[in-house]
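# Structure assessment
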Amino acid sequence: MEALRASSVPSLSNIPKALHQSTFFKPKLINFQSSPFIPSLSFSSTYLKITSTPFKVFTLSSPTSSSSTVSTENTPPPPEPELETEIKDEKFDWFSEWYPIMPLCDLDKRVPHGKKVLGLDIVVWWDKNESSWKVFDDACPHRLAPLSDGRIDKSGRLQCAYHGWCFNGSGHCKLIPQAAPDGPPVHTSKKACVGVYPSCVQHDIVWFWPNKDPEYKDIVKKKTPPYIPELDDPSLTKWFGNRDFPYGYEVLIENLLDPAHVPYAHYGIIQAPPPKVKIDREGGKPIELGVKQLDINGFIGKAEWGGGNFIAPYIYHAYLDPTADLVKESPSSSGNNAAQIFFGQKLEKPKVLFTFFCVPVSPGNSRLIWCFPNYFGGWIEKFIPKWMFHIGIDLVVQDSDLYLLHVEERKIMDAGPANWQNACFVPTTSDAFVFGFRRWMNKYTGGQVNWGGKFSGTLPPTPPREQLMDRYWSHVVNCKSCNYAYKSLNTLEVSLQVITIVSIGIVAATKQGVMSAAARTMVVSMAIVCFVASRWLAHFIYKNFHYHDHNHSFH
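You'll find the protein chain entered in an unreviewed UniProt entry as Rieske domain-containing protein, with Acer yangbiense given as the organism.

This brings us to the overall build of the protein chain. When you go through the protein chain residue by residue, the secondary structure sums to 12 helices and 20 strands. Residues counted as buried form 49% of the 555 residues belonging to the protein chain. Considering only intrachain contacts with a sequence separation of at least 6, the fraction spanning at least 24 residues in the protein chain is 69%. Total accessible area on the protein chain is roughly 27500 Å²; 58% of this is exposed by carbon and sulfur atoms.

On to the pattern of salt bridges, then. Applying the stated rule across the entire model yields 11 salt bridges. Residue K223 is joined to E97 by a salt bridge in which the shortest nitrogen-to-oxygen separation is 3.2 Å. In this pair, K223 sits in the loop between β13 (205–208) and β14 (237–245) while E97 sits in the loop between β2 (53–61) and β3 (99–103), placing the two residues 126 residues apart along the sequence. A residue is classified by how much of its surface remains accessible, and E97, at 14% relative accessible area, is buried.

Before going further, it helps to examine the pairing of strand β15 (residues 289–295). Of all seven residues that make up β15, five are buried, and the element is covered over most of its length. Relative to strand β16 (residues 298–303), β15 runs antiparallel, the two being bridged by five bridges. Across the sheet, the residue bridging to V291 is G301, located in β16. Count of turn residues in the β15/β16 antiparallel hairpin: two residues.

The biggest cluster of nonpolar side chains holds 83 residues, and the ones touching the most others in it are W94, F208, Y249, F437 and W440. With seven residues, the single largest contributor to this core is helix α9 (residues 432–445). There are two domains that each give this core at least three residues, and those are domain 1 (99–221) and domain 2 (229–324 + 346–467). If sequence neighbours within four positions are ignored, F437 has contacts with Y249, E250, I253, E254, L257, F299 and F310. Formed by 15 residues, the second largest nonpolar core is a distinct cluster that contains W125, F136, I152 and F167.

With respect to burial, helix α2 (residues 249–256) is a largely interior element, eight of its eight residues being buried. What α2 keeps buried is the set Y249, E250, V251, L252, I253, E254, N255 and L256.

Glancing now at a nonpolar patch on the surface. Taken together, the side chains of V494, V498, V502 and I506 make up a nonpolar region of the molecular surface, amounting to roughly 310 Å² of accessible area. Of note, V494 is situated in helix α11 (residues 480–509). Judged by relative accessible area, V494 falls into the partly exposed class, the value being 46%.

Among the nine residues that make up β14, seven are buried, leaving the element largely enclosed by the rest of the structure. Across nine bridges, β14 lies against strand β20 (residues 365–374) in antiparallel orientation. Considered in β20, the bridge of T237 is made with N374.

Bringing helix α12 (residues 517–545) into the picture now. With 29 residues, α12 extends 41 Å from end C-alpha to end C-alpha; this agrees with the ideal 42 Å at 1.5 Å per step. Among all positions in α12, only R520, V523, A527, C530, S534, L537, A538, I541, N544 and F545 are buried.

Before going further, it helps to examine the packing of α2 against helix α7 (residues 402–415). Remark: α2 packs on α7, axes separated minimally by 10 Å, with the N-to-C direction vectors making an angle of 125 degrees. Considering their axes alone, α2 and α7 lie oblique with respect to each other. The handedness of the crossing between α2 and α7 is right-handed. Of the residues in α7, those touching α2 at V251, E254 and N255 are L405, E408 and E409. Grouping the constituent residues of the contact of α2 with α7 by class yields two nonpolar, one polar and three charged.

Let us look at the packing of aromatic side chains. Summed over the entire model, instances satisfying the criterion amount to 33 aromatic pairs. Note on F92 and W94: the rings are 5.2 Å apart at their centroids and 80 degrees apart in plane angle, and the pair reads as edge-to-face. By relative accessible area, which is 10% here, F92 ends up buried. Pairing W126 with W133 gives two aromatic rings, centres 5.4 Å apart and planes at 65 degrees, and the pair type is edge-to-face. A relative accessible area of 7% means that W133 is categorised as buried. Across the ring face of W126, the terminal group of K109 is positioned such that the distance to the ring centre comes to 4.0 Å. For R465, the ring lying beneath its charged end belongs to Y403, and the centroid distance is 4.6 Å.

The next subject is the sheet that holds strand β12 (residues 199–202). Taken in spatial order, the three strands line up as β3-β13-β12 in an open sheet, and their pairing is antiparallel. Of all the strands in the sheet, just β3 and β12 have a single pairing partner and so form its edges. Pairs of neighbouring strands in the sheet enclose a mean axial angle of 30 degrees, with direction left out of account. Bridge analysis of β3 against β13 gives four bridges, and the strand direction is antiparallel. Bridging across to β13, M102 finds its partner in V206.

Next up on the list: the packing of α2 against α9. Helix packing geometry: the angle between the two helix axes and the distance between the axes. Direction vectors running N to C along α2 and α9 enclose 150 degrees, while the axes themselves pass 9 Å from each other. It follows that α2 is roughly antiparallel to α9 by the angle criterion. Note on packing geometry: the crossing formed by α2 with α9 is right-handed. Seen from α2, the contacting residues are Y249, E250, I253 and E254; seen from α9, they are V434, F437, R438, W440 and M441. Residue classes in the contact of α2 with α9 are distributed as six nonpolar, no polar and three charged.

Criteria and cut-off values
Residues numbered from 1 in each chain as written. Predicted model: local features only at pLDDT ≥ 70, side-chain atom pairs only at ≥ 80, totals over all residues. Heavy atoms only, no water. Helix = DSSP H or I, 4+ residues; strand = E, 2+ residues; numbered from the N terminus. Buried < 20%, exposed > 50% of the residue type's maximum accessible area, 1.4 Å probe, protein only. Contact = heavy atoms within 4.5 Å. Areas by Shrake-Rupley, 256 points an atom, 1.4 Å probe, with all protein chains shown as cover. Salt bridge = Lys/Arg side-chain N within 4 Å of Asp/Glu carboxyl O. Pairing = 2+ DSSP bridges. Core = buried A, V, L, I, M, F, W, Y, C linked by side-chain atoms within 4.5 Å. Domains from an automatic or database assignment. Patch = residues over 30% accessible without salt bridge, like charges linked within 9 Å, V, L, I, M, F, W, Y side chains within 5 Å. Expected span 1.5 Å × (residues − 1). Axes fitted to C-alpha atoms, helices over the stretch in contact; angles between N-to-C directions. Parallel < 35°, antiparallel > 145°, perpendicular 65-115°, else oblique. Left-handed = near helix turned anticlockwise from the far one by under 90°. Nonpolar A, V, L, I, M, F, W, Y, C, P; charged D, E, K, R; others polar. Phe/Tyr/Trp six-rings, centres within 6.5 Å; stacked < 30°, edge-to-face > 60°. Lys NZ or Arg CZ within 6 Å of the ring centre and 35° of its normal.

This is the structure:
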């Protein structure tokens, strides 16, 4: 673990302090396009220095009278001057980064796990001989059957379920059952080996490097996954979770970077401090956000409540700053700060609220791994099981805005990812983080994920709504706690049905006079209660582990 802490990405422990001490510019408007009715806006750059390190703060210059009358609707923003520390035409390499696969808490050492990351089909399995997690190509070299549907044999090797070929932790084939014992050792051929990806464990998450070339075998010694000190703090309780989504990585990150949608898309689910002037039922209000120090590694975001850092290409790390008085608008919360509003306690230093890992899976598909470090959750976990928390989280990350984002992505693709600034109108500072992310994508990645030539970029067709918003395959099967609860509740439902049937059978088979009227009434009552309970439980299971529709008109 000490080696992993020497990450190539700078530690974030001092970022809140730096943000608080530095000058910050809050733009009044953010606009990608102009029209005869909307003044045109252009970008200018301001250079500041903190400990002699140059960075850029994005502001919006005031329009001139002439520019406000000239339509530049399809004209992209003017180019910005290059930073002294930037490399001209610097491009982000998607295949030279560590990617998170799954939290350890949701991986079972007894079985292999099939996943897709960056368009690559991989299998994650526990090698008990080396006491480490391994990441292989999810294809047996024999006939390309998925190794994730295989098993771990008694010798601790990964065995293909199709013909029984076995592989050790180095990817070498150790057994071909069909090969004659006295024949040539065909299992030693290089063609019999399975592709192995470099892997490691950090922050209780399994990571892999998406390149099987032998030169990257020890890449962890040169470059490690992004290190976030709070996720290694033993005094913090860490709540992990994961979910797959039927929309792409770009839309997933944008949604997390957008606090303005919360009171609307999640109305009645998430409570926010009330604004001073409530202009509608939901209580939306202007949100002052800004982006600075945007480079190939991401950007630093600053908000009135704290901030959020985008660590390219997939981490959004948000925190509260107790020096920011979020609730000054609320007369009922005078003297409190953001930490007191959310947690009922005073925070003496910035504490991380959320760490999100947004994994690109394939076009139109993404995976979210979240970790909520906190100082108050240890005792809660002793009394409330993890799956109950996930039911509440599902209402937010799954039900209330999933369909909106799925449709939104298709409209963006129709316009073309490079034309996002023309298709979307983002005139307020509440979109600053989203704008910063899209600017990073356009500047360093050409506006899209590099899938290594595996996909044409076409999105998969939209399935029926019930399948689109399915909870079981997108989360339950990949979460130990929810999967255990699902199986246990189903067992309980079946038991209640059995009790109902047996009770009715006893009453029907018992002759009149053998059982007293009171006993007969009690058995019938128990049958009715068990039947009603089984029906209620069936509805509960379906609604919380399969499909829960969300109609915004009735919320």
